[in-house]
Amino acid sequence: MTRAERVSRNLNRALHALFAADERAWLLGEDVADPYGGAFKVTQGLSTAYPDRVLSTPLSENGITGVAGGLALCGDTVIVEIMFGDFAGLAFDPILNLITKSVAMYGERTPMRVVIRCPVGGGRGYGATHSQSPQKHFIGIPHLALYELSPLHDAADVLAAALRRDEPAMLFEDKVLYTRRRYVDGRVDDRLAFELRGADGNWARVHDPDATGAPTLVIAPGGVADRAIAAATRAAEQGRTVEVLVPARLYPVDVDGLRDLLDGAHGVIVAEESTAGGTWGSEVAARLHAEAWPLLRGPVELVSSADRVIPSAPHLERTVLLGTEAILDRIMRLPAAVPVPRTDHSPAGPPPPDPTSAAPSGVPVDVPRLNPNDDSYVLLEWLVADGATVEAGEPVAAVETSKAIEELAATQAGVLRQDVAAGADCAPGAPIGRILPAPVPLPAVPAPVPQPAVPAPVPPGRPLPPAQRRIADVVATSHREIPVAFTAVRVDVTAALAYARRAADETGAAVGLTEVVIAAVAALHERFPALYARLTDDGLILDAEAPSIGLTVDVGTGLFLPVIRDAAGLDLGDLADAVVALRMKALRGRLREEDMAGMNVLVALNDTPGVTVARPIIPPGVTCALSVPDVHREVVLDGDGGVRERTVADLGLAYDHRLVNGAQAGAYLAALGDALQR
């Protein structure tokens, strides 16, 4: 499979290709010159290669855009970078009254080759004035086309399409995309494929080639594409067929590229991150209603962010911005597609099963074995009310293990009967409820015989939360079964922190000390195999073929240990992506057992400010756990008797003394320290 590059690198490469091919191309913007290379590193290397045509400008969006208009009137090609799309409002006058009008107000058509790049969108904690999606404010200006970057389109193709019009264009770039990798080779994942269709490959269609039934179409611009794809995946788990359509050009809307997909579609939803009112989604809906109404099963539905100022705090920002849950909710609120009745006389397949043939007790809702460590789980909650009708595949209960929260789905349609109360313990293989055939009424519950009310004594205190109980069980098992030893060393991490900063600049990924430590731990697997091995129940040592590194993630309501598999095969950028993805899944409650299986060493983050040494717990099945505390600064004497300052971290290794002795642990920590100081 082709190695996918990050979206920011793809755009950077497209700009380099443009400047190599067009000697009259200019780039104007704030801090676009090296070594800064723009606020998001998209313009790195351009000023070095083309110093006379890549200019860092004063802080004046109005002035920058006005100069771009003058250069374009002289026949040049101009790329303008607005540092944050929120400030595009400051350039509204030259966009509205100079650049766009110049195409047609001089008595003949004048080419105006200007592309105004605007980083937009939230999800980065930048707050109210650096997180908006202002695309809707530029819709409807004559001779102005709007484009949006996506992980499904090549930036070079998008730039070429915009410049081919010889009219001004704005290219909106959602900031959350910069560090993500593109989708390539026509695949999004093992289930979903994508194809480019329409003029200039404008529409990317993400679909399941094996899906059947009338699809719900979710139209989403590039920055929302991944959220829409995630919602489509979860809707598929609930029996819905969903396709995601991502345009490169937002405006003018290309309706022709949608016509054949609309024919037979179950419904259409437009999802965008802007607030409601006068939006791009409204324009899409208006065009579809006007030009393709006979093909629609119902009105086009819109979903957008809340009508609020965007907060900086991540947990508040998530409540305002459009997310996967809101898109999924709108998908599931559409009535389920009804199969079209057969009109021919061909065999219609086997008759439906007779509901009355099912056993009176119904089909049990069993708890599967979710991992090898737990003998019982907690029935966290019922997702469907007792006596409610459920569909096959619909999640009905949430079960909490020591590692994750898993949803249990109904195996057939019918009426749910709950037999175990929420909060109770349940064993693997045990039934917690039943699915009764829908036509059979629920058995009547006899009225209780009145008894004298005797108030039960209420013990003082409050129950331990289920998540904390599971953590306590793991800790108790660790203390009971594993003879733990502990060693700590002080490591100078000044070089490691500098390396992380360089890697972040080079890859565009969120690389920090955590990722550098994980990479070093993975690289030491071959030299110290005993620290990655595990002891079987029969007392045998089982070596690990590759390092699969667990990482502690504390979400406030529980501690999770997701695993980065075969970490030695990942570069720092990929490693950082994997860490971010696992943390986000934990925060959103979407971790699954497979995300936490196969760990053979643990990196425990104890980086709360002020924590200098921490002794981690060794999870059952693991031999070593490395703690990474907060870094701190200290003053030391150098070899010449001078004084210098350095940044240090006291790395601690807890190890199972049955497999690892003190000398091995010390040698391992010394090797780790050497790797971090290079």
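Residues numbered from 1 in each chain as written. Predicted model: local features only at pLDDT ≥ 70, side-chain atom pairs only at ≥ 80, totals over all residues. Heavy atoms only, no water.

Side note on the sheet that holds strand β20 (residues 425–426)
For clarity, the threshold we go by: Strand pairing is assigned whenever DSSP detects at least two bridges linking the two strands. Numbering of helices and strands starts at the N terminus; helices are DSSP runs of H or I of at least 4 residues and strands are runs of E of at least 2.
Sheet architecture is open: 4 strands sit in the order β18-β17-β15-β20, paired in antiparallel fashion. Each end of this open sheet is capped by a strand with a single partner; those strands are β18 (405–409) and β20. As judged from the 5 bridges shared by strand β17 (residues 395–400) and β18, these two strands associate in the antiparallel manner. In the sheet register, A398 faces β18, and the bridge partner there is E407.

Some points on the packing of helix α13 (residues 513–523) against helix α14 (residues 572–587)
Rules: Every axis in this analysis is a line fitted to C-alpha atoms, fitted for helices over the stretch in contact. Angles between the N-to-C directions lie between 0 and 180 degrees. Angles below 35 degrees are treated as roughly parallel, those above 145 as roughly antiparallel, those between 65 and 115 as roughly perpendicular, and all remaining angles as oblique. With the far helix as reference, a near helix turned anticlockwise by less than a right angle produces a left-handed crossing, and one turned clockwise produces a right-handed crossing. Contact definition: two residues touch when any of their heavy atoms are within 4.5 Å.
Contact geometry of α13 with α14 gives a least axis separation of 10 Å together with a crossing angle of 115°. As judged from the angle between their axes, α13 and α14 are roughly perpendicular. Relative to α14, the crossing made by α13 is right-handed. Residue-level contacts link T514, E515, V516, I518 and A519 of α13 to L572, L575, A576, V579 and R583 of α14.

A closer look at the confidence of the model for the protein chain
Using the following cut-off: Scored between 0 and 100, pLDDT is the confidence that the predictor attaches to each residue.
In the predicted model, the protein chain carries a mean pLDDT of 88, and the fraction of residues at 70 or more is 91%. Confidence drops under a pLDDT of 50 for residues 339–360, and excluding neighbours within four residues, the segment shows 6 contacts in the predicted structure.

Description of helix α12 (residues 494–507)
Here is the rule: Expected helix span is given by 1.5 Å per residue-to-residue step, counting one fewer step than there are residues.
Between the first and last C-alpha of α12 there are 20 Å, a value that for 14 residues agrees with the 20 Å anticipated at 1.5 Å per step. Buried positions along α12 lie against α1 (7–21), α13, α14 and α15 (662–677). In the segment just after α12, G508 is the residue with positive phi, at about 80°.

Looking at the nonpolar core
Where we set the bar: By nonpolar core we mean a set of buried residues, namely Ala, Val, Leu, Ile, Met, Phe, Trp, Tyr and Cys, connected to one another through side-chain atoms within 4.5 Å. Exposure is judged per residue with a 1.4 Å probe applied to protein chains only, and the accessible area is read against the type maximum: over 50% gives exposed, under 20% gives buried, and values in between give partly exposed.
Ranked by size, the top nonpolar core spans 55 residues in total, and within it V521, L626, L653 and L676 carry the most contacts. At 7 residues, α13 tops the list of elements feeding residues into this core. If sequence neighbours within four positions are ignored, L676 has contacts with V491, D492, A495, A496, V516, V517, A520 and L651. Listed in part, the 46 residues of the second largest apolar core include V80, A91, I99 and L262.

Thoughts on the pattern of salt bridges
Put simply, the test is: In what follows, salt bridge is the name for a side-chain nitrogen of Lys or Arg lying within 4 Å of a carboxyl oxygen of Asp or Glu.
All told, the structure shown has 35 salt bridges when counted by the stated rule. Its salt-bridge partner being E81, residue R117 comes within 2.7 Å of it at the nearest N-O pair. Pair noted here: R117 is in strand β4 (residues 114–120) and E81 is in strand β3 (residues 77–81), with a separation of 36 residues, a long-range link. Each member of the pair, R117 as well as E81, carries the same accessibility label: buried. The salt bridge partner of D200 is R164, with a shortest N-O separation of 2.9 Å. Taken together, the residues D200 in the loop between β7 (193–197) and β8 (203–207) and R164 in helix α5 (residues 155–164) connect sequence positions 36 residues apart. With relative accessibility at 53%, the residue D200 sits in the exposed group.

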